[in-house]
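# Notes for the structure review
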Amino acid sequence: MRLMGALRCGSVVGRSVWRRLLAVLLLGIFIWTITVLNVTFIYNSNHPHRHSDLLKDEIVQLSQEYVRALAKENAGVVDGPYAGRFTAFDLKKTIAVLLDSILGRLDRLENYINNATNGSLLEAVRVATAENQIVLSAKDLIGGKTEQCELTEEDDQIFPNCRSKLEWMRNMWKSDPCYEAHGVDGSDCSFIMYLSEVEGWCPRKSWTKSARHKVTAPEIYANVTTHLPGLLDLLKDPNERQGYAWIRLRVARLWPKWVQGVRSLASKQDLTRRTKHKILVHLGLLSKQSGWKFAENQFKGGPLGELVQWSDLISVLYILGHQLTITSEVEQLVQILSEVPEAKTPCQTRKELPVTIIYTDIMGLIQFKKRTSSGFSKFGCLFRIVDSFGTEPAFNHRAFAKQNKILTAWGGQDLNPRQFFTMFPHSPDNSFMGFVVEHHLNDTGAEEQERKDIAVVYGKNEYMWEGKEAYLGVIRNHLEIHGTVFSEEGKSKLPSYVINHGILSGLELHQLLRKAKVFVGLGFPYEGPAPLEAIANGAVFLNPRFTPPHSSKNTKFFKGKPTQREVTSQHPYAEVFIGKPHVYTIDIHNLTEVEAAVQEALRLDEFTAFTPYEFTEEGMLQRMSTYIQHQQFCNFQRTVSKWPPSSALTFLMGQTGQSCAQACWARDLICEPSHFLEINTEGTLKNGSSLCTKVGHSANIYYPAVDIDKEECILQDNEMLFSCVGGKDNFRRLCPCRNYIPQQSALCRGCER
């Protein structure tokens, strides 16, 4: 029996590594020889007529002579089809020939040892080596055969980007010394090995079947952390701008509820054995370079929705036990990157990166790109972009957006669309992060507030009130009007009947909402947290309807936003997911409709509070913990998604002109973009429609789909353009739809574990 074959390529390694491997190999031969001789000695102890000493001397002498001869003969020789420093093909061939000869000499011992051990020793060796079957034998290598590094048509289907990456490597592998450091030597085989083992763009071939034991660090698990001072220390502002002041106040105010929420969640599902991540949180919106002055205006009526989301995200990450680094200035970011040499190189290895997840916003992403240059690509899959309104695939794909003249300053980031985390579940193409709806109705010690005939207007700035006199006049006939508008002393332009409280602290605002019966929307700002807070405190929200819907086509605010979403009201989530009796969506220019809505709301027997589970502390903890455990954007290999599981999926054909988001929602399901790849096949399309007489390929957001007019099945050519949004006349889209947990729409049933 042949004990071992030729040594095969196990990785792209340097000559020094092969020298160590040769030493280990010779040591193995020596140990094998000694083992054989020991067995022989034991056997001969019972059979003194055998002359084992002569056999031992012969094996040792011949082995020593052969190794010396081959070492001398091959000194300085470079041969083989690769002829590169790092492929070490000449060394592999030498070792293969050496083994072939030495092991051949050991063949004649096998029958002898079999008799001595009843076959048990050789059977154990056979089982141990069977797991690492050799593709090329010594005879193969001697005959000039090489490792299989060619790409097949099947490889092209599974790894569609491999050939383009291979072509790039042919032209650019000398552009940075990091490639040579990984063993790239100019040969196609070294390119493919690098692209498969380091970057994951190409298939792993025969070399990965060899015995390669990766040394991995022990798993470190995250433990729930409820120590508030530790988090507040992380939020100490390094300068005097007090950029984190508002965030610190909210974090401290809600902390008892966070602790209660995580304990409640832990009682329902296992929060142990979660991987502990090193997370960088960079708030680009607070940086001086952004020019947005969020820090300066946080207590002067400036936009707070983004700060709400950041406050709650930071609380979630900390209480779930992850290791956090929090920055808000470019100088801090530069300092961190200066300690990471890999940030300046294009090679994709991530083993030395100091973080495993990066949360930032679009401004932070732009700052990051400017300071990593060619090294940005290795960080790209680590990003989670806090993006209030979302980024659709058509705007995210830079080349497609540019070609179709929809490229904006916010789009063209070329990330996985699921890496954008939104404030509300706008589009299934992005990930819904959300926030926590603050309320204090059930707090211990909270004063019981009597409902009064008052309405609180949703509008912190005076310009939001302009042109709303008739609308507010109808409400004034039934309720006292209160405002929380920032204005300079004696300069208010609000109507005289408005009782203005100015900018209130969180607790003061919630005390006012607990007294009110109605919370009045003015149409702007869009989709903020305040309406949900009012509903959580028991007030009814008057939600202005938009006819036609507001979008980038007709509304200045949305121009430049990387989305074509049509906003049907000031707060679409409240309109769709909550509704009456907590939300009345009305045309505020139709005064008769306004009158009817106010009267209906005031006839309610009681004003009950309501908070969707996904906007509670426990709900957000559950959602974000699940994301962190299961979302993986660094696997470039083209494989079917394992999360959400296929058991939660239903594949269906939408109606003509429907987007997949619409088609799934019509069945009380949610479009799941991570499973488009699974259904982007000719067979699946033909099973979904009998109209397919031919099959085509294209790159646009509508595919896979059936063109009814042409009776053609069209497959998606570009994975980055898989999209739940977008409908086209005469097209029926093939859609992956999943179930969801009521009031936790981001997760399918069973996905939270």
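Residues numbered from 1 in each chain as written. Predicted model: local features only at pLDDT ≥ 70, side-chain atom pairs only at ≥ 80, totals over all residues. Heavy atoms only, no water.

### A word on the overall build of the chain
Here is the rule: In this text, helices come from DSSP runs of H or I with a minimum length of four residues, and strands from runs of E with a minimum of two, each type numbered from the N-terminal end. A simple rule labels every residue: compare its accessible area, found with a 1.4 Å probe on the protein chains alone, to the largest value its type can have, and call it buried under 20%, exposed over 50%, or partly exposed in between. Should any heavy atoms of two residues lie within 4.5 Å, those residues are counted as being in contact.
When its secondary structure is counted, the chain shows 27 helices and 19 strands. Scored against the burial criterion, the 753 residues of the chain give a buried share of 52%. Counting only contacts in the chain whose residues sit at least 6 apart along the sequence, the fraction spanning at least 24 positions is 73%.

### A closer look at the pattern of salt bridges
What counts, and what does not: When a carboxyl oxygen of Asp or Glu lies within 4 Å of a side-chain nitrogen of Lys or Arg, that pair is called a salt bridge.
The final tally for this structure, using the stated rule, is 15 salt bridges. R170 is the salt-bridge partner of D188, the closest N and O atoms lying 2.7 Å from each other. One end of the pair, D188, is in helix α9 (residues 188-197); the other, R170, is in helix α7 (residues 162-172), with 18 residues separating them in the sequence. Notably, a salt bridge pairs E600 with K580, separated by 3.9 Å at the nearest N-O pair. You can see E600 sitting in helix α23 (residues 591-602) and its partner K580 sitting in the loop between α22 (572-578) and β13 (583-586), a full 20 residues away along the chain. We classify E600 as partly exposed; its relative accessible area is 32%. Through salt bridges with shared partners, a single ionic network connects R250, R253, D312 and E438.

### Focus: the packing of α7 against α9
Each packed pair of helices is defined by two parameters, the angle between the axes and the distance between the axes. Note the threshold: Inter-axis angles, ranging from 0 to 180 degrees, are taken between N-to-C directions of lines fitted to C-alpha atoms, where helices are fitted over the stretch in contact. For this classification, under 35 degrees means roughly parallel, over 145 means roughly antiparallel, 65 to 115 means roughly perpendicular, and everything else is oblique. Two helices crossing with the near one rotated counterclockwise from the far one by less than a right angle form a left-handed crossing, whereas a clockwise rotation gives a right-handed crossing.
Where α7 contacts α9, the axes come no closer than 10 Å and their chain directions differ by 125 degrees. The orientation of α7 relative to α9 falls into the category oblique. Between α7 and α9 lies a crossing whose hand is right-handed. Where α7 abuts α9, its residues C162, K165, L166, M169 and R170 lie against D188, F191, I192, Y194 and L195.

### Re a nonpolar patch on the surface
Convention followed: Like-charged residues are merged into a patch within 9 Å and nonpolar side chains (Val, Leu, Ile, Met, Phe, Trp, Tyr) within 5 Å, provided each residue has over 30% relative accessible area and no salt bridge. Computed with the Shrake-Rupley method and a 1.4 Å probe, the accessible areas treat only the protein chains shown as cover for residues.
On the surface, V576, F577 and W665 cluster together into a nonpolar patch covering about 270 Å² of accessible area. Structurally, the position occupied by V576 is in helix α22. Judged by relative accessible area, V576 falls into the partly exposed class, the value being 49%.

### Notes on the pairing of β13
Note the following rule: When DSSP finds at least two bridges between two strands, those strands are taken to pair.
Going residue by residue along β13, you find V583 and T585 tucked away on one face and Y584 and I586 tucked away on the opposite face as well. Of the strand pairs in this sheet, strand β11 (residues 540-550) and β13 are connected by 4 bridges, and their pairing is parallel. Following the sheet pairing, F541 is matched in β13 by V583.

### Observations regarding the packing of helix α14 (residues 330-338) against helix α15 (residues 362-372)
Formally: Three classes are used: nonpolar for Ala, Val, Leu, Ile, Met, Phe, Trp, Tyr, Cys and Pro, charged for Asp, Glu, Lys and Arg, and polar for all others, with Gly counted as polar.
At a minimum axis separation of 11 Å, α14 and α15 run at an interaxial angle of 40 degrees. Here α14 is positioned oblique relative to α15, judged by the angle of their axes. At the point where α14 passes α15, the crossing takes the right-handed sense. From α14, V330, L333, V334 and L337 reach across to α15, where they touch Q367, F368, R371 and T372. Tallied by class, the residues present in the contact of α14 with α15 amount to 5 nonpolar, 2 polar and 1 charged.

### What about α15?
Buried residues of α15: I362, M363, G364, L365, Q367, F368 and T372, and no others. Among the structural elements, β1 (278-282), α14, β3 (357-360), α16 (376-380), β4 (383-386) and β5 (420-422) are those in contact with the buried residues of α15.

### A few points about the pairing of strand β10 (residues 518-521)
Alternating positions in β10 separate into two faces, V518 and V520 on one and F519 and G521 on the other, with burial throughout. One ladder, built from 4 bridges, connects strand β7 (residues 454-458) with β10; its direction is parallel. When the sheet's bridge partners are listed, V457 is paired in β10 with V520. Note that β10 and β11 share 3 bridges and pair parallel. Along β11, the bridge assignment pairs F519 with F541.

### What to know about the packing of aromatic side chains
Our working rule: Between the rings of Phe, Tyr and Trp (Trp by its six-membered ring), a pair exists once the centres lie within 6.5 Å; its type follows the angle of the planes, with under 30 degrees stacked, over 60 edge-to-face, and the other angles tilted. Only when the NZ of Lys or the CZ of Arg is both within 6 Å of the ring centre and within 35 degrees of the ring normal is a charge said to sit over the ring.
This model, assessed by the stated rule, comprises 31 aromatic pairs. Here W255 and Y318 contribute two aromatic rings whose centre-to-centre distance is 6.1 Å and whose plane-to-plane angle is 55 degrees, an arrangement assigned as tilted. With W255 in helix α11 (residues 245-266) and Y318 in helix α13 (residues 305-319), this pair connects stretches of sequence that are 63 residues apart. By the burial criterion, W255 is buried, and Y318 matches it. Ring centres of F577 and W665 lie 5.6 Å apart, and the angle between their planes is 55 degrees; this geometry places the pair in the tilted category. Of this pair, F577 sits in helix α22 while W665 sits in helix α25 (residues 660-665), and the two are 88 residues apart along the sequence. What makes F577 partly exposed here is its relative accessible area of 32%. Using a relative accessible area of 37% as the deciding quantity, one classes W665 as partly exposed. Every member of this aromatic cluster is reached through a ring pair, and the members are F424, F432, F435, Y573, F577, F615, W665 and Y740. The positively charged end of K561 is found above the aromatic ring belonging to F557, 4.2 Å away from the centroid.

### Side note on the sheet that holds β3
Read from one edge to the other, the open sheet built from 6 strands follows the order β2-β1-β3-β4-β5-β6, with strand pairing classed as parallel. Sheet topology places β2 (323-327) and β6 (431-432) at the edges, where each strand pairs with a single neighbour. Pairing geometry for β5 and β6, over 2 bridges, is parallel. Within the sheet, the bridge partner assigned to F421 lies in β6 and is S431. Lying on the sheet, α15 is in contact with β1, β3, β4 and β5; it crosses β4 at an angle near 140 degrees.

### Focus: the environment of G305
In this fold, G305 is placed in helix α13. With 220 residues separating them in the primary sequence, G305 and P525 have C-alpha atoms 9.8 Å apart.

### Overview of the state of the cysteines
For the record, the criterion: We call a pair of cysteine sulfur atoms a disulfide whenever their separation is within 2.5 Å.
In total, this model carries 6 disulfides according to the counting rule given. Here C664 engages in a disulfide with C737; their sulfurs sit 1.9 Å apart. Taking the sign of the S-S torsion, about -70 degrees here, the bridge from C664 to C737 comes out left-handed. Here the residue C664 occupies a position in helix α25, and C737 occupies one in strand β19 (residues 731-738), the gap between them amounting to 73 residues.

### Some points on the confidence of the model for the chain
We apply this condition: Values of pLDDT, ranging from 0 to 100, describe the predictor's confidence in every residue of the model.
In this model, the chain carries a mean pLDDT of 80, and residues with pLDDT of at least 70 account for 73%. This model gives residues 120-136 a pLDDT under 50, and the stretch forms 29 contacts once residues within four places in sequence are excluded. Across residues 208-216, confidence stays below pLDDT 50; counting only partners more than four residues off in sequence or on other chains, it has 14 contacts.

### Observations regarding the environment of D453
Checked against the element boundaries, D453 lands in the loop between β6 and β7. With 62 residues separating them in the primary sequence, D453 and K515 have C-alpha atoms 8.4 Å apart.

### Quick notes on the nonpolar core
The test is simple: Each nonpolar core is a collection of buried residues, namely Ala, Val, Leu, Ile, Met, Phe, Trp, Tyr and Cys, held together in the definition by side-chain atoms within 4.5 Å.
Of all hydrophobic cores here, the largest spans 78 residues; its most connected members are L283 and Y359. Setting aside anything within four residues of it in sequence, one finds L283 in contact with Y244, I247, W310, I314, I326, T327, S328 and D361.

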